[in-house]
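Listed here are the chains, written in short residue letters.
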There are 2 protein chains.
Amino acid sequence: MASKRVVSIRVIRRISVYYEALLKLDLPETTYVSSKRLEEMTGLSSNQVRQDFFTLGLTIGKQKKGYMVKKLMRELKRILSIDRGAKIVVIGAGRIGQSFSAYRLFQGRNIQVEAMFDINPDLVGTTIGKPGAEIPILSIDELEPFLKGHPEVEIALLAVPEEVAQELLDRLVSYGIKGVVNYAPRILRLPREAKGVQLINESICSAIYKMVYHRNHPQ
Amino acid sequence: MASKRVVSIRVIRRISVYYEALLKLDLPETTYVSSKRLEEMTGLSSNQVRQDFFTLGLTIGKQKKGYMVKKLMRELKRILSIDRGAKIVVIGAGRIGQSFSAYRLFQGRNIQVEAMFDINPDLVGTTIGKPGAEIPILSIDELEPFLKGHPEVEIALLAVPEEVAQELLDRLVSYGIKGVVNYAPRILRLPREAKGVQLINESICSAIYKMVYHRNHPQ
DNA sequence: TAGATTGTTAATCGATTAACAATC
DNA sequence: TAGATTGTTAATCGATTAACAATC
């Protein structure tokens, strides 16, 4: 009946998939989609679709018809907080960090990169991104004052060399950040004093290692 | 007793963590490390450590002492197939694709990017990477002949715009590739005729979306 | 010996899949 | 009405955590 306490990253990911599928197919707003139809569109089973909706307390389906596209998309938008969005910063303006500046999906999600931070003097002071939507690259030294001056920025993406990743996480926490996604290929740990801070270690290369493992250890 | 059929990506990832920790600490080869010590070093519980070793059929521990560093590292290397390594290609020489060319960890793993492929005429024909280890950027048109000529290349990293990701996956499969890691923000599906091909959809931004969700839906 | 640590089993937790009564 | 589809519960699967006998 009620929605679960914790919504896992997998559920959020699948909700994104449903939403993107509906967006891309550009169905008439008055159409109904069944969980079976969503299965065809996304490859995720109709059972999974209904279970996900149930988990999120989303009970807007009509028997024999399915879910009204208009209503469903409104609900999915609410769950993904697309209207509200988020303002974030990116630490590290290397290739991975820069790739976030160009993420088109961020626009559709109302996710705004407010600034990037780096130590490279060639980068500091420049901007990145299309005209009209430039993102400034600031010095790491400006990180603390920036975050103090922009309390609405609660999330940081960490895309720095692994040697300095833990130190920067500690600093971000001490500056009051509330969520960090770490892209450095190292598992970081939150400092003890971190209270209510979330950390996700996103390991870009684990998938590669698993591939290699399975190629080299067949069956 | 015997090792499990399928080794999950999580186990592989943790094995990497143990290995990197031992490497970085540069312990004398004759030292013994206990699972408790590994817990302190990695933050992964000693129970998890022993369970992982058990899962992989790795029973080289000595009661009251632990695991001999030398022996343990040899075993972890074998599991991670660091000696054997792998030759891979990267499809898409944009920022994400390029970031793989610089991955230092690939060296430690003996993972070699043989070539990158793109359609951008400004990139095609150039190389990327340090002198002595340049990686050529070839045209996508050369993908098929390249793979036919290099049957040892069985794994591809897909880092292209999402619009063309599925098409390129299909092509890779038809050219005989055996494993694909997809970094485009879209869940791809293997074509029906794909037999024995592995696909991992690595979603770089799911973690961000989960962060945003939890910030906007507190408690 | 007593204490520490393993290998392994069992318990728990969480996520996915299957099933089905309700009902439009 | 009969058939389709939901919401929800139950079964299954897999991964993590806990426990502990064996033993060095």
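Just so you know, these numbers come straight off a predicted model, no measurement behind them. (Residues numbered from 1 in each chain as written. Chains lettered and ligands numbered in written order. Predicted model: local features only at pLDDT ≥ 70, side-chain atom pairs only at ≥ 80, totals over all residues. Heavy atoms only, no water.)

## Quick word on the environment of A:Tyr209
Turning to step 1, where the next piece is worked out: As for its placement among the helices and strands, A:Tyr209 is situated in helix H9 (residues 206-216).
Turning to step 2, where the next piece is worked out: Residues A:Tyr209 and A:Asp52, spaced 157 residues apart in sequence, show a C-alpha to C-alpha distance of 30 Å.
Turning to step 3, where the next piece is worked out: When neighbours within four sequence positions are excluded, A:Tyr209 is seen to be in contact with B:Ile12, B:Ser16, B:Leu105, B:Arg109 and B:Ile111. (Helix = DSSP H or I, 4+ residues; strand = E, 2+ residues; numbered from the N terminus. Contact = heavy atoms within 4.5 Å.)

## Regarding the protein's contact with DNA strand D
Turning to step 1, where the next piece is worked out: The environment of DNA strand D is formed by 25 residues, the closest being A:Ser35, A:Gly61, A:Lys64, A:Tyr67 and B:Gln51.
Turning to step 2, where the next piece is worked out: Protein-adjacent atoms of DNA strand D, using a 4 Å cutoff, are sugar or phosphate at a proportion of 58%.
Turning to step 3, where the next piece is worked out: Here a phosphate oxygen of DNA strand D and a side-chain polar atom of B:Arg10 are 3.4 Å apart.
Turning to step 4, where the next piece is worked out: Within the side chain of B:Gln51, an N or O atom sits 2.7 Å from a base oxygen of DNA strand D.
Turning to step 5, where the next piece is worked out: When residues of the surface near DNA strand D are traced back to their parent elements, those giving at least two are helix H3 (46-55) of chain A together with helix H1 (9-25) and helix H3 (46-55) of chain B.
Turning to step 6, where the next piece is worked out: A per-class count over the surface near DNA strand D returns four nonpolar, 12 polar and nine charged. (Near = heavy atom within 4 Å. Polar contact = N/O pair within 3.5 Å; in protein donor to acceptor, adjacent residues only side chain to side chain. Nonpolar A, V, L, I, M, F, W, Y, C, P; charged D, E, K, R; others polar.)

## A few points about the domain arrangement of chain A
Turning to step 1, where the next piece is worked out: Taken as a whole, chain A is organised into domain 1 (9-78) and domain 2 (85-201).
Turning to step 2, where the next piece is worked out: On a C-alpha basis, the centres of domain 1 of chain A and domain 2 of chain A stand 32 Å from each other. (Domains from an automatic or database assignment.)

## A few points about the relation of the copies chain A and chain B
Turning to step 1, where the next piece is worked out: Of the two same-sequence chains, chain A is brought onto chain B (RMSD 0.0 Å, axial shift 0.0 Å) by a rotation of 180°. Accordingly, the operation relating the two chain copies is best matched by a two-fold axis. Within chain A, the C-alpha atom positioned nearest to the axis of rotation is that of A:Arg95, 2.7 Å from it.
Turning to step 2, where the next piece is worked out: Comparing interface residues between copies, 100% of those in chain A also lie at the interface in chain B; the contact surface is shared. (Least-squares fit on C-alpha atoms with pLDDT ≥ 70 in both.)

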